[in-house]
Amino acid sequence: MIYQIRPVIGDKAKKKLIQYIKKDNWITEHKVTYDFEKSFAKFTNSKYCIAFPNGTITMSSILACLNLKKKDEILVSNYTMVATANAARFFNFKVKLVDISNKDLCMCPNDLIRKINKNTRVVIYTQMNGRLGQINKIKKICKENSIHLIEDSAHAIGTYNSKKHVGNAGIASSYSFSMPKLITMGQGGAITTNNLNLSKKLRLFKNFGRSKEGNDIHDFLGYNFRITDMQSVIALEQLKTIKSRIKIKKKIFKFYQNKLKENKSIQIFDIKKNETPWSVDIYSDKIETIRKKLLANNIYTRYVYPPLNTQKIYNNFKNLPVSNNYCTKGLWLPSSLDLKKKEIEKICKIINRATN
Ligand SMILES: Cc1ncc(COP(=O)(O)O)c(C=O)c1O
């Protein structure tokens with residue numbers, strides 16, 4: 001059986017976790033999490049990093065700390081995981097959907113301009129499958145219109161914009177460390193930001209609004225969004241091997257791309273040198289056939305995220321033709337870090353035969 005994706009945390013991380021448990025550690029969020037935050041901030045070229053329980057609460061928390069008003073509108077790409085938009089809806093902010101570009105599957109700057117009005121306060125930009133897209137144009141548009149830019153970098157660990165890691169274009173960036181991500185805690189997330197004030201607010205927000213552990217004075221309305229050092233132990237070890245993780249993901253993508261390049265019924269959007277894919281995504285009118293043939297060989301795939309406007313909760317949005325085309329014919333192929341060359345060869349052979 002070949003899974004679409006499975007977590008590979010590594011032997012060293014497992015050993016470290018056992019060592020951590022054997023010592024009488026306090027388990028909850030403490031020194032190891034602070035170490036992880038420091039290391040992740042350094043890796044992403046950001047000043048501050050704050051760990052959270054997942055990559056949905058991260059986004060909600062950023063929005064909750066931005067002093068937004070109920071009439072404010074938040075613009076989200078129609079091709080992203082539903083969490084990106086739900087994070088805004090949960091706090092009763094108004095969400096509007098923006099179409100994607102047919103060059104890179106990320107938010108389309110021209111459609112963004114069409115959707116901006118006097119109530120637009122935030123744009124959430126997702127680097128779909130690690131593709132940078134036209135973030136620099138989006139950043140300029142946001143600046144000209146005094147709109148906060150937040151990056152949803154859940155797919156984009158290892159993607160760079162010139163010399164800097166993604167996540168530095170706007171006020172903050174959100175990461176997920178869920179099971180299939182390049183660094184996994186099982187469930188987990190983090191916010192990076194270069195804004196000291198926002199970082200302070202986020203720390204208060206995730207800790208009941210209190211400035212210190214054990215201090216029960218709450219000047220700020222907050223929740224409990226802390227994580228555990230058990231999670232951070234394994235994440236920290238994975239972060240130490242991040243260069244090789246990035247290299248493997250890029251290699252897997254290029255290997256598939258090469259084996260499928262002659263197949264005229266499949267479209268693959270390129271992953272550039274500065275980008276790291278999260279998974280391998282293909283687009284084809286024949287994905288049903290491909291999926292079935294692979295499944296018959298115990299090989300699992302996953303449909304790409306359906307366009308948000310095809311979900312019941314967002315179906316009032318129309319006229320999003322590019323995302324409505326691509327996101328209904330996309331498939332994630334097996335992309336685990338421990339996937340073997342031979343397995344990719346087998347998968348591509350089946351795909352090429354099935355679509356011939
Ligand atoms: C683009 C994107 N944003 C947000 C999320 C939500 O992250 P989490 O599952 O950690 O809540 C995901 C999860 O897959 C994602 O892919």
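Owing to the predicted nature of the structure, the values given are computational and were not obtained by experimental measurement. Here the residue numbering is sequential within each chain, running from 1 through the sequence in written order. Residue-level local features of this predicted model are given only where pLDDT is at least 70; pairs of side-chain atoms are given and counted only at 80 or more, and the full residue set underlies all totals for whole chains, interfaces and linings.

J.: An account of the packing of helix α2 (residues 31–43) against helix α8 (residues 229–240) is needed here, citing residue identities and associated values.
T.: Taken N-terminus to C-terminus, the directions of α2 and α8 make an angle of 35 degrees; their axes are 8 Å apart at the nearest point. As for the relative orientation of α2 and α8, their crossing is left-handed in sense. Contacts between α2 and α8 pair V32, T33, D35, F36, S39, F40 and F43 from the former with D229, S232, V233, A235, L236 and L239 from the latter. Residues are grouped as follows: nonpolar covers Ala, Val, Leu, Ile, Met, Phe, Trp, Tyr, Cys and Pro; charged covers Asp, Glu, Lys and Arg; every other residue, Gly included, is treated as polar. Each residue belonging to the contact of α2 with α8 can be placed in one class, and the counts come to eight nonpolar, three polar and two charged. Lines fitted to the C-alpha atoms define the axes, with helices restricted to the stretch that makes contact. Angles between their N-to-C directions range from 0 to 180 degrees. Numbered from the N terminus, helices here are DSSP runs of H or I no shorter than four residues, and strands are runs of E no shorter than two. In this scheme, a crossing is called left-handed if the near helix is turned counterclockwise away from the far one by less than a right angle; it is called right-handed if the turn is clockwise. For the purpose of contact definition, each residue receives a C-beta atom placed from its backbone, and two residues are in contact when these atoms lie within 7 Å.

J.: Could you give me a rundown of helix α6 (residues 135–144), with the residues and numbers involved?
T.: Note on helix geometry: an α-helix contains 3.6 residues per turn, so any two residues three or four positions apart are oriented the same way. For α6, the complete set of buried residues consists of I135, I138 and C142. Projected onto a plane normal to the axis of α6, the buried residues spread over an arc of 60 degrees and lie on a single side. Exposed side of α6, more than 90 degrees from the buried face: K143 and E144 are the residues found there. As for α6, its buried residues are in contact with α5 (109–115), β4 (120–126), β5 (148–152) and β6 (160–161). Partly exposed residues are those whose C-beta has more than 12 but fewer than 20 other C-beta atoms within 10 Å; 20 or more makes a residue buried and 12 or fewer makes it exposed, with C-beta atoms placed from the backbone. Each C-beta atom gives one direction from the helix axis, and the arc is the one those directions make.

J.: Explain the packing of helix α1 (residues 11–22) against α8 to me, and be specific about the residues and the numbers.
T.: With their axes 8 Å apart at the nearest point, α1 and α8 run at an angle of 150 degrees to one another. Between α1 and α8, the angle is such that the two are roughly antiparallel. Considering the relative orientation of α1 and α8, their crossing is right-handed. Residues K12, A13, K16, L17 and Y20 of α1 form the contact with α8, whose own contacting residues are M230, V233, I234, E237 and Q238. Split by residue class, the contact of α1 with α8 holds six nonpolar, one polar and three charged. Here the word oblique covers every angle except those under 35 degrees (roughly parallel), over 145 (roughly antiparallel) and from 65 to 115 (roughly perpendicular).

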